[in-house]
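As a plain string of letters, each chain reads:
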Amino acid sequence: MPKAIREVYGTVLAELGDINEDIVVLDADLSGSTKSAIFGKAHPERFFNMGIAEQNMVATAAGMSTVGKIPFVNTFTVFLTSLGLLSARDQICYANLNVKFGGAYCGMSDALDGASHHATEDIAIMRALPNMKVIVPSDAASTRWATKYAVDNYGPMYLRLSRDVYPDLYTEETRFELGKGAVVREGSDVTVIACGLLVHKAMEAAEALAGKGVSVRVVDMYSIKPIDRELIIKCARETGAIVCAEEHNIFGGLGSAVSEVLAYEGCGVPTEFVGIQDTFTESAPYNELLAKYGVDADGVIAGVEKVLKRKK
Amino acid sequence: MALTAERIAELNELCRRFRIDVLTAIHAPKSGHPGGSLSVCEILTYLYQEHMNLDANKADDPDRDRLVLSKGHAAPMLYRNLAEKGFFPVEEMSTLRRMGGLAGHPNMHTPGVEMPGGPLGQGFPAAQGMAMALKLNKSPAKVYAILGDGELDEGVIWETAMSAAKFKLDNLIAIVDYNKVQLDGTTDEVMPLGDLAGKWEAFGWTVLECDGHDIEALDFCVSVADAAVGAPTVIIANTIKGKGVSFMEGKNAWHGKAIDDESFAKAMEELGGEVNA
Ligand SMILES: Cc1ncc(C[n+]2csc(CCOP(=O)(O)OP(=O)(O)O)c2C)c(N)n1
Ligand SMILES: [Mg+2]
């Protein structure tokens, strides 16, 4: 059975800690949830539970990085990108420090805790910070790559991680690259550009739509910043319609990042935005939330159908 | 006036029933926070059912007392108290964490809630703001801020401690649910609080300490706090996380754990509740 994304992250981090002594891991009293505790167990001397003090944690990491450490800061996505934001902006990104952000419960994956615990604006926040790189893994292999990439490459980096299990999409042999997206399903009528959970929902949608004679290309845009401009342009030219799909507010996230490229390049095509429609969410089981807020396969299908009607 | 023995017994009986109802509500969706809901039971029940000037029929009375549950994850115990006060039917407890139902953390869709909760630390300064504005309005209302001990790790708690003393907020009463346990472990393991009373004192607060499960002691401390002049008061209420269910007591594992059927049955047996809910 595939492991939850947070579990993969914690396990890989602990393994990387075996070979890289500079990795230090900080958490804010959620290490059992974020799975940074796996690192903590393996390397207790390099693990720091800062208490429920996110600002303290992130700014401490900023300081540690100046002494040559590679700090990973961990807590629920929503608190990391709100309480942790000041240091992220004014210390870590401004000074281009080597701090890595593990946002553990992205989107609505902390479903039952409700809107206060859902992170639906984190991509927008983090990608607006100069020097910050934004990666959204979509399965275990991409999570492994992203975590290792963060260790091996200098600079502020944000990993958007899920509480949940994602099915496997890639193999251990798959090569990932910062600034690249992956075509995970070929198609010619429309491209769904998705990230994280929505890549899987898009695959489901594509399968269902194939039965109706619609050929859907699916792109996993796991690197949101920098983003794969060439691939976006290529998809717009070749399929003539785009659906952006993300477990995030439709404002400021992947959809916005893709639109910026299309607008700049002057190759805009009809585009639909599958995501949370600028609203607060609520407490309920995860699948019910995904359905209600239109971020499941049906949501992607609806987006595709709408965009195809508008396609010239 | 001191509470009568009968009234104390009534409130204790309410607490027993609330514990049953709250665990029942958390058990159903297999999600929620038993430990911190149980530890804060007497504190909330005393304030809502005995002490506060609050009437669901005059819910927007500008002079009503306010309570901000800064440790918002104990929402189920807040909801049970609000239901008892008549803000909504008790039956709504069964909608906890379900679509369209009571939220995992308090929000303004629920009548009687004064401020959304969830992110620890933030409720306290919001309560302070209420106290400052009520003072401007010359209102006699009091503001009670309920804090977790792990929550005290947040820097903003101490920012508020400093400013509330500066502004002489004698209408602000902080109650710390001092159960000595947070999420990853005990407060000593995660972030030692040291001389907690001394810390508050150093910030200019009047400090009272009591057994947070003893209604009579709570009544005494809250009454003293209400009469404060010129400085805010904190009540350090010594409690037990998971209080009332032996196997949950003092265990961080029961902070935010789904209650499995077997544990639920055992808990109901200890509290004298029904399992078939
Ligand atoms: C800003 C913020 N950080 C982290 C959390 C996650 N969290 C919820 S409850 C909790 C532990 C709270 O411990 P304590 O304040 O002692 O509460 P109690 O023991 O009364 O349940 C944590 C870390 C949160 N809700 N808000
Ligand atoms: Mg506690």
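Residues numbered from 1 in each chain as written. Chains lettered and ligands numbered in written order. Predicted model: local features only at pLDDT ≥ 70, side-chain atom pairs only at ≥ 80, totals over all residues. Heavy atoms only, no water.

With respect to the overall build of chain A
Then, in step 1: Each helix and strand in chain A was counted, giving 13 helices and 12 strands.
Then, in step 2: Compactness check: chain A gives a C-alpha radius of gyration of 19 Å against a globular reference of 20 Å for 312 residues, within 12% of the reference. (Helix = DSSP H or I, 4+ residues; strand = E, 2+ residues; numbered from the N terminus. Rg over C-alpha atoms; globule rule 2.2 N^0.38 Å.)

Side note on the confidence of the model for chain B
Then, in step 1: Model confidence for chain B is summarised by a mean pLDDT of 97, while 100% of its residues fall at 70 or above.
Then, in step 2: Two summary scores accompany this predicted model of the complex, namely pTM at 0.97 and ipTM at 0.95. (pLDDT = per-residue confidence, 0-100.)

Focus: the interface of chain B and chain A
Then, in step 1: Contacts between chain B and chain A engage 25 residues on the former and 24 residues on the latter.
Then, in step 2: In this assembly, chain B and chain A are joined by one salt bridge.
Then, in step 3: In this assembly, chain B and chain A are joined by 14 residue pairs in polar contact (both at pLDDT 80 or more).
Then, in step 4: Among the residues forming the side of chain B that touches chain A, the class breakdown is eight nonpolar, 11 polar and six charged. (Contact = heavy atoms within 4.5 Å. Salt bridge = Lys/Arg side-chain N within 4 Å of Asp/Glu carboxyl O. Polar contact = N/O pair within 3.5 Å; in protein donor to acceptor, adjacent residues only side chain to side chain. Nonpolar A, V, L, I, M, F, W, Y, C, P; charged D, E, K, R; others polar.)

A few points about unusual backbone geometry
Then, in step 1: Across the junction of Lys225(A) and Pro226(A), the peptide omega takes the value 0°, indicating a cis bond.
Then, in step 2: Following the sequence through the fold, Pro226(A) ends up in the loop between β10 (223-225) and α10 (229-239).
Then, in step 3: The phi dihedral of Asn131(A) falls on the positive side, at around 80°, and the residue is not glycine.
Then, in step 4: By secondary structure assignment, the location of Asn131(A) is in the loop between α7 (122-127) and β5 (133-135).
Then, in step 5: With a relative accessible area of 36%, Asn131(A) lands in the partly exposed category.
Then, in step 6: The phi torsion at Lys168(B) lies on the positive side, around 50°, for a residue other than glycine. (Buried < 20%, exposed > 50% of the residue type's maximum accessible area, 1.4 Å probe, protein only.)

What about the site of ligand 1?
Then, in step 1: The full set close to ligand 1 counts 25 residues, and Glu54(A), Lys71(B), His73(B), Asp149(B) and Lys241(B) are the nearest of them.
Then, in step 2: Ligand 1 sits at the junction of chains A and B, each of which supplies nearby residues.
Then, in step 3: Taking Asn179(B), its side chain carries an N or O atom lying 2.9 Å from an oxygen atom of ligand 1.
Then, in step 4: Note that an oxygen atom of ligand 1 is positioned 2.7 Å from one of the side-chain N or O atoms of Lys241(B).
Then, in step 5: Within the complex, 99% of the 590 Å² of free accessible area of ligand 1 lies under protein. (Near = heavy atom within 4 Å. Areas by Shrake-Rupley, 256 points an atom, 1.4 Å probe, with all protein chains shown as cover.)

Notes on the coordination of the magnesium ion (ligand 2)
Residues and elements named next belong to chain B.
Then, in step 1: Here the magnesium ion (ligand 2) is held by Asp149 (OD), Asn179 (OD1) and Val181 (O), and the distances to it run 2.0 to 2.1 Å.
Then, in step 2: Taken in sequence order, the residues that donate to the magnesium ion (ligand 2) follow the motif D-x29-N-x1-V.
Then, in step 3: Note on Val181: relative accessible area 5%, which makes it buried. (Donors = N, O, S within 2.8 Å, 3.2 Å for Na, K, Ca; no water.)

Concerning the environment of Asp214(B)
Residue and element names in this part refer to chain B.
Then, in step 1: Along the chain, Asp214 turns up in the loop between β4 (206-211) and α9 (215-226).
Then, in step 2: With relative accessibility at 31%, the residue Asp214 sits in the partly exposed group.
Then, in step 3: In this structure the C-alpha to C-alpha distance between Asp214 and Ile43, which are 171 residues apart in sequence, comes to 8.8 Å.

Focus: helix α9 (residues 197-210) of chain A
Then, in step 1: Helix length check: α9(A), at 14 residues, gives a terminal C-alpha distance of 20 Å against a target of 20 Å (1.5 Å per residue), a fit within 8%.
Then, in step 2: Turning to α9(A), its buried residues number three or more, namely Leu197(A), Leu198(A), Val199(A), His200(A), Lys201(A), Ala202(A), Ala205(A), Ala206(A) and Leu209(A). (Expected span 1.5 Å × (residues − 1).)

Looking at the side chain of Thr239(B)
All names here are of chain B.
Then, in step 1: Structurally, Thr239 is set in the loop between β5 (233-238) and α10 (261-271).
Then, in step 2: Accessibility expressed as a relative area gives 5% for Thr239, which makes it buried.
Then, in step 3: Within polar-contact distance, the side chain of Thr239 engages the side chain of Asp177 at 2.5 Å.
Then, in step 4: A polar atom in the side chain of Thr239 sits 3.2 Å from the backbone nitrogen of Asn179.
Then, in step 5: Not counting residues within four places of it along the chain, the set of residues in contact with Thr239 comprises Ser39, Ile43, Asp177, Tyr178, Asn179, Lys180, Gly212 and His213.

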